[in-house]
Amino acid sequence: MNPVVHFEMPARDRARMAGFYTKVFGWKTQQLGPEMGNYVLAITAETDENRRVKPPGTINGGFFEQTKSDQHTRITIAVDDIRATLKRVAAAGGTAVGGMQKPGEPDEIPGVGLYATFIDTEGNTVSLLEPTNR
């Protein structure tokens, strides 16, 4: 099986959202710079030296800038071969979107791995990650 390893939620005000989840759930957040799209990491569980969660069954996530009203929370599924998975998505009736840099192709996130998105048969946008250190 390929596990869910990450979540992402859109935010109109990432600082306000980070403050909310810190106050309510005790999450730690880390604001990344413009080279990473001003993404905010949301740390919900303890991690090891490779930034992998330690407690089984837990995931971390992040907040991205909401630029359109149709952006929603999504999950990220870890896979061994992202390109093969995108082909299986298309064969099963989904739409392989790919990354943001080249349509149909995954993006490389330095130190993390290859990343792409797809749209399932029900219209849900889901992310894929082929981790560098799996």
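Preceding this section is the structure that the text describes.
Quantities reported herein were computed from a predicted structural model and do not represent experimental measurements. (Residues numbered from 1 in each chain as written. Predicted model: local features only at pLDDT ≥ 70, side-chain atom pairs only at ≥ 80, totals over all residues. Heavy atoms only, no water.)

*Asks:* Give a description of helix H1 (residues 14–25) that names residues and reports values.
*Replies:* The end-to-end C-alpha separation of H1 is 16 Å, in line with the 16 Å expected for 12 residues at 1.5 Å each. Three or more residues of H1 are buried, namely Arg 14, Met 17, Ala 18 and Tyr 21. Looking straight down H1, one finds that the buried residues subtend no more than 100 degrees of arc, so they occupy a single side. In H1, the exposed positions angled more than 90 degrees off the buried face are occupied by Ala 15, Arg 16 and Lys 23. Elements that come into contact with the buried residues of H1 comprise strand E1 (4–11), strand E2 (28–31), strand E3 (40–43) and strand E4 (60–65). A side-chain oxygen of the first residue of H1 lies 3.2 Å from the backbone nitrogen of Ala 15; this N-cap is Asp 13. (Helix = DSSP H or I, 4+ residues; strand = E, 2+ residues; numbered from the N terminus. Expected span 1.5 Å × (residues − 1). Buried < 20%, exposed > 50% of the residue type's maximum accessible area, 1.4 Å probe, protein only. Arc of directions from axis to C-beta. Contact = heavy atoms within 4.5 Å. Polar contact = N/O pair within 3.5 Å; in protein donor to acceptor, adjacent residues only side chain to side chain.)

*Asks:* Could you give an account of unusual backbone geometry, naming the residues involved and the relevant values?
*Replies:* In this structure, Asn 38 is a non-glycine residue whose phi angle is positive, near 55 degrees. Inspection of the secondary structure puts Asn 38 in the loop between E2 and E3. Of the residues examined, Asn 38 reaches a relative accessible area of 29% and is grouped as partly exposed.

*Asks:* Go over helix H2 (residues 82–91), please, and point to the residues and values.
*Replies:* Residues of H2 that are buried include every one of Ile 82, Thr 85, Leu 86 and Val 89, and no others. Looking straight down H2, one finds its buried side chains confined to an arc of 100 degrees; they lie on one side. Seen from the open side of H2, the exposed residues pointing more than 90 degrees away from its buried face are Lys 87, Arg 88 and Ala 91. Residues of H2 that are buried in the fold lie against strand E6 (95–98), strand E8 (113–119) and strand E9 (125–131). Here H2 starts with a cap whose side-chain oxygen sits 3.2 Å from the backbone nitrogen of Arg 83, and that cap is Asp 81. Gly 93 sits one or two positions beyond H2 and adopts a positive phi of about 105 degrees.

*Asks:* Before we move on, can you summarise a nonpolar patch on the surface with the specific residues and values?
*Replies:* Together, Phe 20, Val 24 and Phe 25 give the surface a local cluster of nonpolar side chains, amounting to about 310 Å² of exposed area. In this fold, Phe 25 is placed in helix H1. (Patch = residues over 30% accessible without salt bridge, like charges linked within 9 Å, V, L, I, M, F, W, Y side chains within 5 Å. Areas by Shrake-Rupley, 256 points an atom, 1.4 Å probe, with all protein chains shown as cover. Salt bridge = Lys/Arg side-chain N within 4 Å of Asp/Glu carboxyl O.)

*Asks:* Mind laying out the environment of Ala 42, listing which residues take part and the relevant values?
*Replies:* In this fold, Ala 42 is placed in strand E3. Sequence-distant contacts of Ala 42, that is, excluding residues within four places in its chain, are made with Phe 7, Trp 27, Lys 28, Thr 29, Asn 60, Gly 61, Gly 62 and Phe 63.

*Asks:* Let's hear about the pattern of salt bridges: which residues, and what values?
*Replies:* Applying the stated criterion to the full structure yields 4 salt bridges. A salt bridge links Glu 46 to Lys 54; its shortest N-O distance comes to 3.3 Å. The class of Lys 54 is partly exposed, set by a relative accessible area of 48%. Here Arg 83 makes a salt bridge to Glu 105, at a shortest N to O gap of 3.4 Å. With Arg 83 in helix H2 and Glu 105 in the loop between E6 and strand E7 (107–109), the pair connects residues that are 22 residues apart, well separated along the chain. What makes Glu 105 partly exposed here is its relative accessible area of 31%.

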